[in-house]
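In case you want the letters, here they are:
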Amino acid sequence: ERLPPLLPPSHPTLVRNPGKDGDDEALLEKTREKLAGKLTPASRIRLLRHNSVRVQVEGPLCVVYHASNNSRDFHSKEEQGLEFDVDYLQALNQLVTAYPSYLRVRDLQFDGEDDEKLELARVLASNGIVTRLDPPAKT
């Protein structure tokens, strides 16, 4: 029952665009996948918006409820959640509490290897939940 996060026009298209007639699902998915593919353990990520997610423990899982895929039409989609093993809870809460600061993927608080942290970051990016701090342009 929430609208997707509102982003400034200069931001890449990671959430639905309210100015267009209809939603371009293919463009949205392509942009998110491109971002996810660029992530490395050295990448710096953060939530798109502070209030864009809610992390909740449900039994052996932690669920990240988000509005990034929601339509601008009221009640057009059910609440969406991504399920993760509870081992990821500390890393997910770290992203929530660090906002608006960026965190390196390898510095996420998780007792796993960098590739597991990277996979978490890529899942969040491909669902429009996190964004990446672009490295400075080379001159």
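Residues numbered from 1 in each chain as written. Predicted model: local features only at pLDDT ≥ 70, side-chain atom pairs only at ≥ 80, totals over all residues. Heavy atoms only, no water.

Asks: Can you walk me through the pairing of strand β1 (residues 44–47) in this structure?
Replies: A regular strand carries its side chains on alternate faces of the sheet. Bridge count between β1 and strand β5 (residues 103–104): two bridges; the pairing is antiparallel. In the sheet register, R44 faces β5, and the bridge partner there is R104. In this sheet, strand β6 (residues 130–132) lies alongside β1 in antiparallel orientation, the contact comprising three bridges. Each residue of the ladder has a partner; that of R46, found in β6, is T131. (Pairing = 2+ DSSP bridges. Helix = DSSP H or I, 4+ residues; strand = E, 2+ residues; numbered from the N terminus.)

Asks: It is not clear to me how the side chain of S43 should be interpreted in this structure. Could you clarify?
Replies: Note that S43 resides in the loop between α1 (25–38) and β1. Here the side chain of S43 touches T40 through a polar contact of 2.8 Å, landing on its backbone nitrogen. Contact partners of S43, with chain neighbours within four places excluded, come to K38, L103, R104, V105 and R132. (Polar contact = N/O pair within 3.5 Å; in protein donor to acceptor, adjacent residues only side chain to side chain. Contact = heavy atoms within 4.5 Å.)

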